[in-house]
Amino acid sequence: MPQYQTWEEFSRAAEKLYLADPMKVRVVLKYRHTDGNLCIKVTDDLVQWHLNYCTLRHGVTRGLKT
């Protein structure tokens, strides 16, 4: 399960996983208000890939698109 250190690396890997099979990708966002920690996990239904990214920076959330 790769843990990415930069948002750019994580977003490229997540997009690649999504483009491989969009119907099998799940995204989980977990935010802890007590320490301001945001963790994003992207996985496919086959559980072959888990992509993790955690940050304490609030600027990263501005780049999220729904």
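For the structure, check the block above.
Nothing here was measured: the structure is a model prediction, and the numbers come from that model. (Residues numbered from 1 in each chain as written. Predicted model: local features only at pLDDT ≥ 70, side-chain atom pairs only at ≥ 80, totals over all residues. Heavy atoms only, no water.)

Undergrad: I tried to follow the nonpolar core on my own but got confused; where do I start?
TA: The tendency in soluble globular proteins is for nonpolar side chains to be buried side by side. Counting residues in each nonpolar core, the largest one holds 12 residues, listed as Y4, W7, F10, A13, A14, L17, V25, L38, I40, V42, L51 and Y53. When contributions to this core are tallied by element, the ones reaching two or more residues are α1 (7-20), β3 (37-44) and β4 (50-55). Sorting elements by how many residues they give to this core places α1 first, with five residues. With near-sequence residues (within four places) excluded, A13 lies in contact with Y4 and L51. (Core = buried A, V, L, I, M, F, W, Y, C linked by side-chain atoms within 4.5 Å. Buried < 20%, exposed > 50% of the residue type's maximum accessible area, 1.4 Å probe, protein only. Helix = DSSP H or I, 4+ residues; strand = E, 2+ residues; numbered from the N terminus. Contact = heavy atoms within 4.5 Å.)

Undergrad: When you look at the environment of Y4 in this model, what are you seeing that I'm missing?
TA: With respect to the element layout, Y4 can be found in strand β1 (residues 3-4). Distance from Y4 to L51, taken between C-alpha atoms, is 7.5 Å for residues 47 residues apart in sequence. Here Y4 is in contact with E9, F10, A13, L51, N52 and Y53, once residues within four sequence places are set aside.

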